[in-house]
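Letter by letter, the chains look like this.
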Amino acid sequence: MKQPTRQVSTKDSKDNPGSHLKSDMRIDQRKEQSEEEQKLKRNLDKIKHKIAIISGKGGVGKSTVTANLAMAFAMNGDKNKVGVLDADIHGPCIPKMLGLKGRTLIGGPDGLLSPVVGKLGIKVVSMDFLLPNDEAPVIWRGPLKMRAIKQFLSDVAWGNLDYLFIDLPPGTGDEPLSVAQLIPDLDGVVIVTMPSEVSEAVVKKAVSFARQIDVPIIGIVENMSGFVCPECGAEVNIFRAGGGKRIAIDKSIPYLGSIPLDPNICSDSDKGLPFIAENKTSPATKIFFEIVRQIENFLQDKKPSERRR
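Residues numbered from 1 in each chain as written. Predicted model: local features only at pLDDT ≥ 70, side-chain atom pairs only at ≥ 80, totals over all residues. Heavy atoms only, no water.

1. Structural notes on the pattern of salt bridges
Then comes step 1: Taken as a whole and assessed by the stated rule, the structure comprises 14 salt bridges.
Then comes step 2: In this structure, Lys101 and Asp134 form a salt bridge, with 2.9 Å as the shortest nitrogen-oxygen distance. Here Asp134 lies in the loop between β6 (123-126) and α5 (142-154) and Lys101 lies in the loop between α4 (94-97) and β3 (106-107), a separation of 33 residues in the sequence.
Then comes step 3: The class for Lys101 is partly exposed, based on a relative accessible area of 39%.
Then comes step 4: Using a relative accessible area of 64% as the deciding quantity, one classes Asp134 as exposed.
Then comes step 5: A salt bridge links Asp174 to Lys145, with the shortest nitrogen-to-oxygen separation between them at 3.6 Å. Linking Asp174 in helix α6 (residues 174-182) with Lys145 in helix α5, this pair joins segments that are 29 residues apart in sequence.
Then comes step 6: Residue classification places Lys145 among the buried positions, given a relative accessible area of 9%.
Then comes step 7: One salt-bridge network, in which partners are shared between bridges, spans Glu36, Arg147 and Lys150. (Salt bridge = Lys/Arg side-chain N within 4 Å of Asp/Glu carboxyl O. Helix = DSSP H or I, 4+ residues; strand = E, 2+ residues; numbered from the N terminus. Buried < 20%, exposed > 50% of the residue type's maximum accessible area, 1.4 Å probe, protein only.)

Put into structure tokens, the structure is as follows:
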């Protein structure tokens, strides 16, 4: 026998006030989420170009490339118009390389945090600015890391920028995924590798990752590509050579350049001095500016239909 359908009366709702409370909570959560998304969009709309720097593995000098690219763009006519988001939650080192170690984020207008400002007006946000000391670890799982990156993008007064460089940790995990989801109009990624078979094999995963999540690949940079003797000018391939070019040819993506080893890159980074600003005649500096030119050409040639949606 078919059971009659029970009608929910006004009395049922009155007898169960908890249902109203849960409904109100859901409405408040949706409203809060919508406000956060609007705040994120307002911030991102003020930034003309967003570029992520990624790699398949650690130890390839990705943060060094990020710091010097930011400085190169600032020196190339974009003073006070460049920002760097250090999205390496567990191992932030951009502040050290840009001479901002020991600084902290402070409150700014409209309840937003003010980024730390370095040479040539480069604005920087990093987890390092929030840690009590160098030995304090960040022991977080994925959701907390995504929340932090979202707040770095939405709760910081970045202002009007021409370029925001996002320095991501090695691999294809939480942080790269978070950035790809939070920045739907990401202009593209620069993939950093070094000339070794181990790096070559792993960096191909970064290429596949970018393609699977539909992010444009601006090109590949091969870091630590040969050593130029400062005395005689002879070049020695300490870590072999050509890995970056092979990946570019094999995967049909642009090759941006080979940055040679220079002892000053390491020493300047440790001192918090951007290498290219201190060594303007170095072969590595010239290559950094050539990479800048190629990135600018990529952005200028990019058609609206090719932009990530």
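2. Quick look at the pairing of strand β2 (residues 82-86)
Then comes step 1: Of all five residues in β2, five are buried; the element is thus mostly enclosed.
Then comes step 2: Of the two faces of β2, both are covered, the one formed by Val82, Val84 and Asp86 as well as the one formed by Gly83 and Leu85.
Then comes step 3: Of the strand pairs in this sheet, β2 and strand β7 (residues 161-167) are connected by five bridges, and their pairing is parallel. The partner of Val84 across the bridge, within β7, is Phe165.
Then comes step 4: Where β2 meets β6, four bridges bridge the pair, whose relative direction is parallel. The residue of β6 that forms the bridge with Leu85 is Val125. (Pairing = 2+ DSSP bridges.)

3. Section: the sheet that holds strand β5 (residues 116-117)
Then comes step 1: Across the sheet, which stays open at both edges, the eight strands sit in the order β5-β6-β2-β7-β1-β8-β9-β12 with mixed pairing between neighbours. Strand pairing shows two members of the sheet lacking a second neighbour, β5 and β12 (255-258), which therefore form its edges.
Then comes step 2: Of the pairings in the sheet, the one linking strand β9 (residues 217-222) to β12 comprises three bridges and is parallel in character. When the sheet's bridge partners are listed, Val221 is paired in β12 with Gly257.

4. With respect to the confidence of the model for the protein
Then comes step 1: In this model, the protein carries an average pLDDT of 89, and 88% of its residues clear a pLDDT of 70 or more.
Then comes step 2: A low-confidence stretch, residues 8-13 stays under pLDDT 50, and its non-local contacts, those more than four residues away or across chains, total three contacts. (pLDDT = per-residue confidence, 0-100. Contact = heavy atoms within 4.5 Å.)

5. Side note on the environment of Ile265
Then comes step 1: Take Ile265: it is sitting in helix α9 (residues 263-271).
Then comes step 2: Ile265 sits in the buried class, given a relative accessible area of 14%.
Then comes step 3: Sequence spacing of Ile265 and Asn68 is 197 residues, and the spatial spacing of their C-alpha atoms is 9.6 Å.
Then comes step 4: Residue contacts for Ile265: discarding those within four places in its chain leaves Thr64, Pro260, Phe275 and Ala284.

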